[in-house]
Structures are given as C-alpha cells and as structure tokens.
Number of protein chains: 2
Amino acid sequence: MPRTACVLIDWVTLDRGSIEPLHRQIYRALRDGVLSGRLVTGQRLPATRRLAHDLEVSRITVLAAYDLLTADGFIASRSGSGAFVATSPPQASPMPHSAMQSAPSKSVAKRLSARGRMIVSAAYEPERLEPKLYTVGVPALDLFPREEWTRLVGRAWRRGGQPLLALVEAKGLLRLRQAIAAHLGALRGLSVDPARIFVLNSTRQAIDLCARVLADPGDRVWIEDPGFVGARAPLLAAGLELIPVDVDEDGFNVAAAQAAAPEARLVYVTPAHQYPMGATLSLARRLQLIDWARRTDAWLLEDDYDGEFRHEGAPVLPMQALDPDGQVLYVASFAKSLFPSLRLAFLVVPSSLVQAFVSARVVLDGHPPAAIQAALSEFLESGRYAAHLRRMRAAYAERRSSLALALKTHLAEAVAAAGSLAGMHFTVGLTPGIDDRALVARLVPLGLSPSALSESRIRPGPPGLILGFGAWTPEALAHGVEALALEIARMGQPN
Amino acid sequence: MPRTACVLIDWVTLDRGSIEPLHRQIYRALRDGVLSGRLVTGQRLPATRRLAHDLEVSRITVLAAYDLLTADGFIASRSGSGAFVATSPPQASPMPHSAMQSAPSKSVAKRLSARGRMIVSAAYEPERLEPKLYTVGVPALDLFPREEWTRLVGRAWRRGGQPLLALVEAKGLLRLRQAIAAHLGALRGLSVDPARIFVLNSTRQAIDLCARVLADPGDRVWIEDPGFVGARAPLLAAGLELIPVDVDEDGFNVAAAQAAAPEARLVYVTPAHQYPMGATLSLARRLQLIDWARRTDAWLLEDDYDGEFRHEGAPVLPMQALDPDGQVLYVASFAKSLFPSLRLAFLVVPSSLVQAFVSARVVLDGHPPAAIQAALSEFLESGRYAAHLRRMRAAYAERRSSLALALKTHLAEAVAAAGSLAGMHFTVGLTPGIDDRALVARLVPLGLSPSALSESRIRPGPPGLILGFGAWTPEALAHGVEALALEIARMGQPN
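Residues numbered from 1 in each chain as written. Chains lettered and ligands numbered in written order. Predicted model: local features only at pLDDT ≥ 70, side-chain atom pairs only at ≥ 80, totals over all residues. Heavy atoms only, no water.

Looking only at helices and strands, chain A features 16 helices and 13 strands. In terms of overall size, chain A is more extended than a compact globule, its C-alpha atoms giving a radius of gyration of 30 Å where 495 residues would be expected to give roughly 23 Å. The C-alpha extent of chain A, read off along each of the three principal axes, is 95 × 55 × 50 Å. Counting only residues that meet the buried cut, chain A has 59% of its 495 residues in that class. Counted over contacts in chain A with a minimum sequence separation of 6, partners at least 24 positions apart contribute 74%. Surface accessibility of chain A: about 18,700 Å² in total, with carbon and sulfur atoms responsible for 55%. The averaged location of the 48 negative side-chain charges in chain A is 8 Å from the averaged location of its 53 positive side-chain charges. (Helix = DSSP H or I, 4+ residues; strand = E, 2+ residues; numbered from the N terminus. Rg over C-alpha atoms; globule rule 2.2 N^0.38 Å. Buried < 20%, exposed > 50% of the residue type's maximum accessible area, 1.4 Å probe, protein only. Contact = heavy atoms within 4.5 Å. Areas by Shrake-Rupley, 256 points an atom, 1.4 Å probe, with all protein chains shown as cover. Lys, Arg positive; Asp, Glu negative; His and termini not counted. Charge placed at Lys NZ, Arg CZ, Asp CG, Glu CD.)

The structure is reproduced here in structure tokens:
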C-alpha cells in the first residue's frame, strides 16, 4: 500500500503548566479535531516520532495519546502505514464543542415536552435556600438534638450490618412502618396497618404519586384557596384542573366545592389546621366530604402537615379516622417535626390501593435510603421522638406567644386578628389595598422573609402575610416586628 | 327546654384487659355509634353518672370520654340538658368501619386513573427482596467497608452542624456535585460543570423525570431490545411508545432505529456496556446517533450503569463526551459502585435544560437527604471512593473468572459463548427451545435466581440467562453452576 501524505497537525497547543497530562492534552486536541471535522476518515496521522518532534514532547507521550484515540475508536493503525482517522461524524454534522456553539438559537421551551412545560410553569417561586426571619415551614433547627441523632445514625449502621446495604420493600423499611403505625395510634388516634403505609421522600412526592395514580390530565381536583402552593404545584404538573374552594372558619367549604365541580376526582385538604388560614375542618364538613367521596368514588388526600403541634384545645382527630379504609389517603412529613433535610414523609393508603402504589413505587423510584429509615425507627421506638415533640411544643408555644404579643403591640391597628391554634406560622391580614407581594419584596433586603398571602391564593383576595415562627428565638421574632410595622406603615395607612 | 329521653347505650363492651384505656374504649364505641348511624344528630346521651353506673366504670372515665367526643365535634353539651349528638353522617351514608365493609365490590383497576393503570401495568416483576445466588445488579455487599462508612457518616454530621438540617439546592449539595464532577473527570474522562449535575434517588427517578420533562404521552422512544426492564418501566409509565431496537456486536443498531421510527423524541441507551448483551456502542454509531439527535432535536439518555467496572480493554469514553453540552443526558448511579440502599444517583443535563430540571425537581420532589450527600462527598473527596472501586474491580475480576471457568467446564455445550467485558453480570445464551422463564422458575427453589433473558426482551428472541456475579464469593459462584447445568440438561438436550 502506498504511503499517503500525512495530515498536517499544526494547531495543537500544549499547556505545560496544566495539571492535565500532556498525552491527555494531545488526545483531546486530536479527538476534537475529528469531532469538529478538521480531521476526516481515512486521513493519515503523522508518525509518532514526527509528532513528538513537532510538539516537543517525548515519543512515549504521543504513543499514549494514540493509544487512547485507538481505544475510543477515533484512529486505527494499519501495519506499516501508521495511524489513520478511523471514524468521523457524518459529513453534514461536525460536533459543536462548547456550550456556546450548542444550538444557541433554539428556545428551551420548544425542546421540552408539553407536560414538561406544564411542570416548569407549576414552579411557584425561586428556591429560597437561606431561611430568613419569618420564612414559613422551617422548624426549630437550633433546638434539634444533633448529637443524639448522630449517635443514633451510627447505632443504626452498627446494628443494621450488611442487610442494611441491600434494598428493602418499596413501601419502606417494615420496622419504620411499624413504628409510624404505633406513633399514629398514640399521638393521632389512628389505627393503621403498617402494610398500608408507604415511606416517601416528601409530601410533594406523595401528592405527585397520588395525582398520577388516581387522576388523569384534565381531571378536576378540589383545592383550598388560599392553600398550600407546594401542594398546588404537583397537581398542576400532573395536568389536573384545579378547582379553588373557599375556606372559612369551618375550613374547606364542601358545599361550594360540590356546586362548583361535583365530578371532581381528587381533593387536597388540610383538615386539622387549614394552611394558611388556620381553621379546623368541622366534623359536619368532614362527614359531608367523606359522604360525597364515597358516593362519587373520589379520593380525599388529607395532609396532616403539622398535626403534631397543636397549641390550643385537644388534638384534632385526622379525617382518616372517620373513614379508615375507604376514600381517604393520609400524608404527613417529618420535615417539620424533625428537620427538612431528613427528606422523609409517609402516605397511608386504603387497602384497595396498596398493590397499585407498590407497583408505582417500584416503577417510578423505590424507597428512601434504608439507613435513614433505620435511624428514624430507633428515634420513634425509643420514645425520643415523643420527647422531642414535647420539647418542640413548648418551644413553639413560647415563640408563638412572643410573636403574637409583638404583633399586638406594634401592628394591632394594621393587621386583622392573627389566629394560630397549631403549627409554626401565623397568618395575618393586612389593610385592603396593601400589595403583600410588594411588601415582601421590600422586607427581604431587611432580612425578613414572610410569605405573601397572595402567593397562596388562586383567585384574588385580601392581602396578608404568613409569618413562620418555628426557627427563631422569641427575642428575634419580637424584634423583627418593629421593622415589619414600619414597612407596613410605609405601604399603606391603616383605617 | 324539656328534657328529651336519652338514648339507650347498651352495646358498649369494654375490654378491661386491654392496654387501651377505658375512656378511649368508650370514646371509640360512641364515635363508631355516630359514624355507623346507630346514634343520630339530636339524640341525648345518658348522663355521665348514669353511663358510669351502667358500664361499671368511674364517672371520671365517662367524663374523659365525653370530653374527647366533644373535642372531635361528635357531641355537644347544652347547659342543664346534658350531652347531645352534635353531628352525624348524611342520612344515606353511614360510614363503614372495617376494611371488610369498605366498598368490597369495586374493582381496584376501576378506581385508578388511566395513567395509574398504565403505571401499574409497567411493573415488570414482583419485588425480589432477598438476593439469591446470581441475582443481577447486587454488588459485593460482603466487601463494603461498613465501619469506614459509618465513621464517615458520623463525621459528616459533626462537621455539617446545624446547616446540614436545612434544605439544600434542589439540584443537590453543591459539594457533592463538585465531587462528582471531579470524579467524572478523573475516572470517566468527562468535563462537566457541577451546575449541570442533579443528585437524584435513583436511575429510575432520572428516567421518569426525563420522560416527563422531555416527552409527551404517545411520543416514541428508541430502546434497546433486549434491554434493561428497569428503564423500560418508567418510560412505559410515562405513556411513551417504545420502539424496540436490535442490538448486535456494535451495540444499538442506529440505522434500524432510524428506519423504524425516524421521528422518535427520546433514546435510552447503554453505550459503554449494553445491558444485558455486553456490546460496546461503536464510535461510528455514537456519532451517527448524535448526528441524528442534533438534526431532529431528539434527546439521548445515556445510562452509564456500570462504566466504573471495565474488566478488559481501556475504559470506554461516555457518549456524553462526544456532545458535551448538546443532546446527551448522562445518568449514573451509586447503587452498584457503593450499595443499593444508599439510593443516590445523578443526572448530567445540557445547560439548556438546567432551569427546567430545577423547576421539575422543586415541583415534584426535591433533593435526596442532605446528610447522605455530605457523607458521599467525603467518600469521594478523600479518595476512598477511588480506592473502593479499585478493590471492587479486583474482586469482580476474580468472581467473574471463577464463574466463567465453571460455565465453561459444566455448560460449554449448552450455552453460547459468554462475554462480559465489564460490570457484574454474564449473559449466556441457551439452546433454542429452552424456556428461560420456566428454567428460572425451577431454579428459584434451589436458591438460584438469575434473570431470564426473555424478561429483557420486548420482542421474542433466543433464550438465555443473565447471571449476576457481584455479590457472591468465587466458590459460591462456581458451585452453583453444577445445579444450573443439571436443570438446563433436564429442560432440553443440547445439540
């Protein structure tokens, strides 16, 4: 075979100060040469000795680069003829090699699916990573027994041994499901078979799962308005049509919902402590809701998001207890009762749905990390969880009182009565006309970050602020109200 | 107000040996009386003294029960007239109170959504919880450094302090994404910006996410046939139409795929080590695939499921490196390189998709537990992960040799040449006519649990077995082949 002339390689620049070895630099340069169309199939590469000379490197270095190129299929050697380019991209399409070149003119939205665009448009707010004063939903991280938890995690690993490395049931660790069942019995008055409990990452994941398994795109879902944006988002993402339902002092207005959309397939409701307005769903309405769901074969998703922190009155029995194995699915999370980055929640489903949810979990994801489930089992079984809840209830009561007093002192005239029987937030009404979103935007630079009530609304309504009080000391909570009062005063004159 | 006659309560039976306090038993009995329609709104309850006498309990006990019933809204007291039933279910619909009574005649399938039924029907096999000999996909749990890992988790907690309790970015812990980027650079030859990495629970979750964000129901997806059932399932569950594509010694047959469905939207492919047949996707086909995807604006999902365990030849450069910020999404998991119950995987997306995937993660779930991410960061940064991979590569090479030798010795005539350049499984062909599913069913009672190749197929094809060799000692792997050979001989005569 006659020796064809070899291609001129004069564009390789080596960086001798780089931590990337020289042979990798040569490999990359030649690879990119092929991918960009500069080198094409059949072209002969310089002999290693020659290229080594040109690049002022050792021959070993070039040999190493050629080996890598051969392994990846870019070049091949013919005996006695040296190395040739073996494969190059289809002629029309040399590869772009930087993000800058990559299809810059295509709009991102065009490249998503229709449901992808729906999911993206359901995103309710930019991520808020650093909680500021009054951020909603953050528990008392300062009071969490981190050392105790660390010891427990270590113990779970030591006791779990090799079996803790393997997968467990898709439902979650049996031991944890049993501990959750015991906890539900003792603290929430529920009698639940552990076989009906699913350990999940988050309430969002539970809602996404329920929306997909129980409802089709276009199906209607009743949802509290104002309500929890974090619940609204996965329902929207699943393509459901949200039917906003008024809430009043008895909670979710079932009759209004029935009038608006009698054929709804799913209901999302926070019976113990309506988020964010704070009402408890009355027994009459609970029974009305269950009656409707039984007649229409609809599903009720009960989110008991802060059922463990009731400050006034007796604990409220979850709706699930009224229809223990019928139409109610019950979800709760450990994000607030323990800590958010734990990422553990659970869902109780009726017996008739267990098999379907097992399949869905196997197909779509699987269970949360086993070691964390084992550690939480210990925490629950040992009584440490109950003790932690008692300490937290006392702490939240104190924080709540401090905030309530400060609101009364500094803001009594500008805000409507703020009621919070439970949980770790207050919702306060503002004088009509105040733009709560604009107010929040002005508060953020001051280090205050409550949520605008309008964010929780689907339909327009009176303005307000939702103030989280879980994560800050009584002093900090009270202190912030002065700045809050000042900004509110600036934005509008109270009547 | 005249005193109405009080209702007769003669059906309450107390269990004095129960751990449930007597007042809770009375509460439950009366509550169930209301819910079942035995007691209706307006009926007067016996005076506490009277009921205490009838039930032979103290009056305090009855008072406590009435208090609970009042708190839950079942009864109310009128001054001077005692307690009345305050709320009862709508007349037509007393509540059922056991799973037995609960809508027993409804078929479960009817109560799921259409997509719920689709998700359920995508479930590929019953959960296999206890790995038996040859179960595919289980790494060497016996060799995992559990003590080292436990210490590391403890250190992550101590170093992380209070911030480790709070949520991190939806993408995952920045520190872990940086460590993954460094790892990808060092071990897989990829140069990836950590901003494009998403930490997820599992490969399944990644596929589900990609299917939803990038494709709509009815869209076509190219998928290797035979291929990975765990990937097929979430694609089916997302409503996509699977286009089975032949694989040969060069991997995925791109030309055949283009002929079958040129308008596909998504491709799922295992380029480094086709699952389960073991081929490496040739450079020419990689370039062909990328070229097609660029021209049609389709997405390529590259699953590098065992790229870290190459036994022969040089490591194969991931396809992502050929189109680093274009059409390729790259997914890999720590389930096999560390341990399955860790539940951590990651997805690299092109820059153009980062924002959409952030939104999707925020809306649909959020990040995996932060502490586990911190521990894995340490494991990666400290070089322990690289050392672990080296140890595992040596162990798998040994296990693989042992199995290969035993197969050659006992089964050379019955099975086709078994090639596995990488990973922790062999796929062996069986004499045509042997029913591989039936064979597996006969092996399970013997303690052997390989997968039937037919389970990996969409269209019918020659039978085979997939034998996992990761989790067992060389001796156990060799020993099992005798039983395997015996059963294969029983099922069909080799030619």
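A few words now on the pattern of salt bridges. All chains considered together, the criterion is met by 52 salt bridges over all chains. Linking A:Asp246 and A:Arg459 is a salt bridge whose minimum nitrogen-to-oxygen distance equals 2.7 Å. Within this pair, whereas A:Asp246 is found in strand β5 (residues 241-248), its partner A:Arg459 is found in the loop between β12 (451-452) and β13 (464-468), the two being separated by 213 residues in sequence. The partner of B:Asp32 in a salt bridge is B:Arg31, and the shortest N-O contact between them spans 3.7 Å. For B:Asp32, a relative accessible area of 23% corresponds to the partly exposed category. Classification of B:Arg31 by relative accessible area gives buried; the value is 6%. (Salt bridge = Lys/Arg side-chain N within 4 Å of Asp/Glu carboxyl O.)

Here we take up the relation of the copies chain B and chain A. Each copy superposes on the other: chain B lies on chain A with an RMSD of 0.1 Å after a rotation of 180 degrees and an axial shift of 0.0 Å. Both chain copies can therefore be described as sitting about a two-fold axis. Considering only C-alpha atoms, the part of chain B nearest the rotation axis is B:Gly154, at 3.2 Å. Looking at chain B, 100% of its interface residues are interface residues in chain A too, so the copies touch through the same face. (Least-squares fit on C-alpha atoms with pLDDT ≥ 70 in both.)

This next bit is on the interface of chain B and chain A. Residue-level contacts link 115 residues of chain B with 115 residues of chain A. Interface area lost by chain B to chain A is led by B:Arg111, B:Arg115 and B:Leu165, which between them contribute 8%. For the interface between chain B and chain A, the tally reads six salt bridges. Counting every contact that joins chain B to chain A gives 48 residue pairs in polar contact (both at pLDDT 80 or more). Here the side of chain B that touches chain A takes 11 residues from helix α12 (residues 351-364) of chain B, the largest share from any one element. (Buried area = accessible area lost by both parts, 1.4 Å probe. Polar contact = N/O pair within 3.5 Å; in protein donor to acceptor, adjacent residues only side chain to side chain.)

Here we take up the packing of aromatic side chains. All names here are of chain B. Scanning the model with the defined rule gives 33 aromatic pairs over all chains in all. Ring geometry for Trp222 and Phe252: centres 6.2 Å apart, planes at 35 degrees, overall tilted. Pair noted here: Trp222 is in strand β4 (residues 220-225) and Phe252 is in strand β6 (residues 251-252), with a separation of 30 residues, a long-range link. The pair Trp222 / Phe252 is uniform in exposure class, with both members buried. (Phe/Tyr/Trp six-rings, centres within 6.5 Å; stacked < 30°, edge-to-face > 60°.)

What follows deals with the packing of helix α5 (residues 114-121) of chain A against helix α8 (residues 203-214) of chain B. Here α5(A) crosses α8(B) at 100 degrees, and the two axes come no closer than 5 Å. Compared by their axis directions, α5(A) and α8(B) come out roughly perpendicular. Judged by residue contacts, A:Arg115, A:Gly116 and A:Ile119 of α5(A) engage B:Ala211, B:Arg212 and B:Val213 from α8(B). When the residues that make up the contact of α5(A) with α8(B) are grouped by side-chain class, the tally is three nonpolar, one polar and two charged. (Axes fitted to C-alpha atoms, helices over the stretch in contact; angles between N-to-C directions. Parallel < 35°, antiparallel > 145°, perpendicular 65-115°, else oblique. Nonpolar A, V, L, I, M, F, W, Y, C, P; charged D, E, K, R; others polar.)

Turning next to the sheet that holds β13(A). To summarise the sheet geometry, strands pair through backbone hydrogen bonds and adopt either a parallel or an antiparallel arrangement. Residues and elements named next belong to chain A. On the basis of which strands lie adjacent, the open sheet formed by three strands has the order β11-β13-β12 and antiparallel pairing. Among the strands making up the open sheet, the edge pair consists of β11 (425-429) and β12. With two bridges connecting them, β12 and β13 associate as antiparallel partners. Within β13, the position partnered with Ser451 by the bridge is Ile466. Its contacts with the sheet place helix α14 (residues 384-411) against β11 and β13, and it is angled at close to 15 degrees to β11. (Pairing = 2+ DSSP bridges.)

The next thing to look at is the environment of A:Glu455. Residue and element names in this part refer to chain A. Topologically, Glu455 is positioned in the loop between β12 and β13. Looking at Glu455, the relative accessible area reads 33%, which means it is partly exposed. Each C-alpha atom of the pair Glu455 and Asp10 lies 60 Å from the other, and the pair is 445 residues apart in sequence. Contacts of Glu455, omitting those with residues within four sequence positions, involve Tyr124, Val229, Arg232 and Arg437. At a separation of 3.0 Å, a polar atom in the side chain of Glu455 contacts the side chain of Arg437.

In this section: the sheet that holds strand β8 (residues 299-303) of chain B. Residue and element names in this part refer to chain B. Across the sheet, eight strands lie side by side as β3-β10-β9-β8-β7-β4-β5-β6; this open sheet has mixed pairing. Single-partner strands in this sheet number two, and they are β3 (197-200) and β6. Where strand β5 (residues 241-248) lies against β6, two bridges are found, and the strand directions are antiparallel. Within β6, the position partnered with Val247 by the bridge is Phe252. Strands β3, β9 (328-333) and β10 (345-348) of the sheet are contacted by helix α7 (residues 174-188), whose axis makes an angle of about 110 degrees with β3. On top of the sheet, helix α11 (residues 283-296) reaches β4, β5, β6, β7 (266-269) and β8; it is set at about 145 degrees to β8, its chief contact.

Residues and elements named next belong to chain B. Mapped onto the fold, Glu487 is located in helix α16 (residues 474-491). With a relative accessible area of 5%, Glu487 lands in the buried category. A polar side-chain atom of Glu487 sits 2.8 Å from a polar atom in the side chain of Arg490. Not counting chain neighbours up to four residues away, the residues in contact with Glu487 comprise Leu439, Arg442, Leu443 and Leu446.

As a further point, take the confidence of the model for chain A. In regions of low pLDDT, the predicted coordinates are not meant to be interpreted in detail. Residues and elements named next belong to chain A. For chain A, per-residue confidence averages 89 on the pLDDT scale, and residues scoring 70 or more make up 91% of the total. For the stretch residues 97-105, pLDDT sits under 50, and the model shows 12 contacts to residues farther than four places along the chain or on other chains. Predicted complex, confidence summary: ipTM 0.91, pTM 0.91. (pLDDT = per-residue confidence, 0-100.)

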